[in-house]
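Each chain is listed here by its residues.
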Amino acid sequence: MEQWDYPSTVSLREVGPRDGLQAEPVVLDTAYKVQLVDQLSAAGLPRIEVTSFVSPEWLPQMADAEAVMAGIARRPGTVYSVLVPNLRGAERALTTGPDEITLFLSASATHNMKNVHRSIAESLTGFRGIMERVSGNIPVSAVIVTAFGCPYEGGVPEQNVLNLARQLVDMGIAEITLGDTVGVAHPRQVVNLVQRFQMVLPEVHLGLHFHDNRGTALANLLAALAAGASRFETALGGIGGSPFSPGAGGNLATEDAVYLLESMGVHTGVDLEKLIATTGQLIGQLGHSVPSRVYLAGGRMVAKGGTQ
Ligand code: ZN
């Protein structure tokens, strides 16, 4: 008898081109970034975070955000989103016609100040300005980073995360992603937060973004899935998240998530072989290997349809 009731389908947002590449010391050519996004859409990733409209002074890796957005071939059905730090970034982003924009802030005050040089209240005020500017024309989602723990403050109270989510939803944000930015979450914590979130904000789409610094990302995905979550952010190869030690402790690898989910009969729409080939080319560009286990082992043993 089945003990857990999994969703039959999940929606993955591929964040490698943004979250992954911004952590790499090497700045890749615009033409290659465009090719990467097109390969990801061709591999069936339903949602792709293409780039970030952060100041080029802060993040030279994303200085060509407009050119990348202009260069990609929009695949029908694929949702292309961009990350926006402030109103200036939103103005830039809106000229490029994204399907969605994503805002971000930290659940912990110290991390938010270090990350974006703003208090949480200042971030929320900035978001209200962006929401006014967007005025309902395109969907806006938000990521609450350090939702499971902060490198400066340690534990983050669940209630703080839920209060922040409520304020974001009240502004008109319809999807909230909870980020385990430093890879400290554990499955029991994930289940508790997912269940409480769904209880207090049942109308809101909930996404999860796990990092694998301590080897818990797949376990956390499975826990979230069992608790009813069906939206996840992952990065091809498991790149990103650790700018000073590339290849170690990055995002949950898309290949690893797809392999696990498809093996269990949970549909992702992703062609694993195409994705692995895309990661192979990316490795050539980056000049170093990637942490994805499925990339290294190959994805050919996928047993479709769950228990057999
Ligand atoms: Zn990440």
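Use the structure listed above.
Here the structure is a predicted model, which means the values were calculated and not measured. (Residues numbered from 1 in each chain as written. Predicted model: local features only at pLDDT ≥ 70, side-chain atom pairs only at ≥ 80, totals over all residues. Heavy atoms only, no water.)

Visitor: Before we go on, may I ask you to explain the nonpolar core in this structure?
Guide: Burial of nonpolar side chains together is a common tendency in soluble globular proteins. Ranked by size, the top nonpolar core spans 90 residues in total, and within it Ile144, Leu168, Ile176, Leu178, Leu208 and Phe232 carry the most contacts. The next biggest cluster of nonpolar side chains, apart from the first, holds five residues, and it includes Phe104, Val116, Val143 and Val145. (Core = buried A, V, L, I, M, F, W, Y, C linked by side-chain atoms within 4.5 Å. Buried < 20%, exposed > 50% of the residue type's maximum accessible area, 1.4 Å probe, protein only.)

Visitor: Please explain the packing of aromatic side chains as it appears in this structure.
Guide: How two aromatic rings sit relative to each other is set out by the distance from centre to centre and by the angle between their planes. Under the defined criterion, the tally for this structure stands at one aromatic pair. Taking the centre distance of 6.0 Å and the plane angle of 50° together, the rings of Phe148 and Phe210 count as tilted. Separated by 62 residues along the polypeptide, Phe148 in the loop between β5 (140-145) and α7 (158-170) and Phe210 in strand β7 (residues 205-210) bring together distant segments of the chain. Take Phe148: its relative accessible area is 4%, and that puts it in the buried class. It is Lys114 that lies over the ring of Tyr152; its NZ or CZ is 5.0 Å from the centre. (Phe/Tyr/Trp six-rings, centres within 6.5 Å; stacked < 30°, edge-to-face > 60°. Helix = DSSP H or I, 4+ residues; strand = E, 2+ residues; numbered from the N terminus. Lys NZ or Arg CZ within 6 Å of the ring centre and 35° of its normal.)

Visitor: Would you take a moment to explain the packing of helix α8 (residues 187-200) against helix α9 (residues 217-226) for this structure?
Guide: How two helices pack is summed up by the angle between their axes together with the distance between the axes. Where α8 meets α9, the closest approach of the two axes is 8 Å, and the angle between their N-to-C directions is 35°. At the point where α8 passes α9, the crossing takes the right-handed sense. From α8, Pro187, Val190, Val191 and Val194 reach across to α9, where they touch Ala219, Asn220, Ala223 and Ala224. (Axes fitted to C-alpha atoms, helices over the stretch in contact; angles between N-to-C directions. Left-handed = near helix turned anticlockwise from the far one by under 90°. Contact = heavy atoms within 4.5 Å.)

Visitor: Mind showing me how you'd approach the pairing of β7 here?
Guide: Burial within β7 is extensive, with five of its six residues counted as buried. For strand β6 (residues 175-180) and β7, the ladder comprises six bridges, and the chain directions are parallel. Across the sheet, residue Gly179 finds its bridge partner in β7, namely His209. A crossover links β6 with its parallel partner β7, the connecting element being α8, and its sense is right-handed. Sheet analysis places β7 next to strand β8 (residues 231-234), joined by three bridges and oriented parallel. Counted as the bridge partner of Leu208 is Phe232 from β8. Of the crossover connections in this fold, the one passing from β7 over α9 to the parallel β8 is right-handed. (Pairing = 2+ DSSP bridges. Right-handed = clockwise from strand over helix to strand, strands pointing away.)

Visitor: Even after reading the chapter, I still don't get the pattern of salt bridges, so can you show me in this structure?
Guide: Oppositely charged side chains may form a pair once their charged atoms are brought near each other. Within this structure, the stated rule accounts for twelve salt bridges. Between Glu49 and Arg18 there is a salt bridge, with its nearest N and O atoms 2.7 Å apart. Of the two residues, Glu49 sits in strand β2 (residues 47-52) while Arg18 sits in helix α1 (residues 16-20), which places them 31 residues apart along the sequence. Judged on exposure class, the residue Glu49 and its partner Arg18 are both buried. Where Arg47 meets Glu100, a salt bridge forms, and the shortest distance between an N and an O atom there is 3.0 Å. Taken together, the residues span a long stretch of sequence, with Arg47 in strand β2 and Glu100 in strand β4 (residues 100-106) at a distance of 53 residues. Members of the salt-bridge network, linked through shared partners, are Arg13, Arg47, Glu100, Glu175, Arg231 and Glu233. (Salt bridge = Lys/Arg side-chain N within 4 Å of Asp/Glu carboxyl O.)

Visitor: Sorry, what's going on with the coordination of the zinc ion here?
Guide: In an ideal octahedron of six donors the angles at the metal are 90 or 180 degrees, and in an ideal tetrahedron of four donors they are 109.5 degrees. Donor atoms from the polypeptide that bind the zinc ion are Asp19 (OD), His209 (NE2), His211 (NE2) and Asn251 (OD1), placed at 2.0 to 2.1 Å. Relative to the metal, the four donor atoms surrounding the zinc ion lie at angles of 83 to 161°, and the coordination shape comes out irregular. Look at where the donors of the zinc ion fall in the sequence and you get D-x189-H-x1-H-x39-N. Within this pair, whereas His209 is found in strand β7, its partner Asn251 is found in the loop between β8 and α10 (254-263), the two being separated by 42 residues in sequence. A residue is classified by how much of its surface remains accessible, and His209, at 6% relative accessible area, is buried. (Donors = N, O, S within 2.8 Å, 3.2 Å for Na, K, Ca; no water. Tetrahedral: all angles 85-135°; square planar, octahedral: opposite > 155°, others 65-115°.)

Visitor: Could you clarify how one ought to interpret the sheet that holds strand β3 (residues 79-83) in this entry?
Guide: Either a parallel or an antiparallel arrangement is found when strands of a sheet pair, and the pairing is made through backbone hydrogen bonds. Spatially, the eight strands close up into a barrel ordered β1-β2-β3-β4-β5-β6-β7-β8, and their pairing is parallel. Sheet twist, expressed as the average angle between the axes of neighbouring strands with direction ignored, equals 25°. Sheet strands touched by helix α6 (residues 120-134): β4 and β5. Its angle to β4, the strand with the most contacts, is close to 170°.

Visitor: Would you mind going over the packing of α9 against α10 with me for this structure?
Guide: Between α9 and α10, the shortest axis-to-axis distance is 11 Å and the interhelical angle comes to 45°. Classified by the angle between their axes, α9 and α10 sit oblique to one another. Crossing of α9 over α10 shows right-handed handedness. Between α9 and α10, the contacting residues are Leu218, Leu221, Leu222 and Leu225 on the first element and Asp256, Ala257, Leu260 and Leu261 on the second. A class-by-class count of the residues in the contact of α9 with α10 yields seven nonpolar, no polar and one charged. (Parallel < 35°, antiparallel > 145°, perpendicular 65-115°, else oblique. Nonpolar A, V, L, I, M, F, W, Y, C, P; charged D, E, K, R; others polar.)

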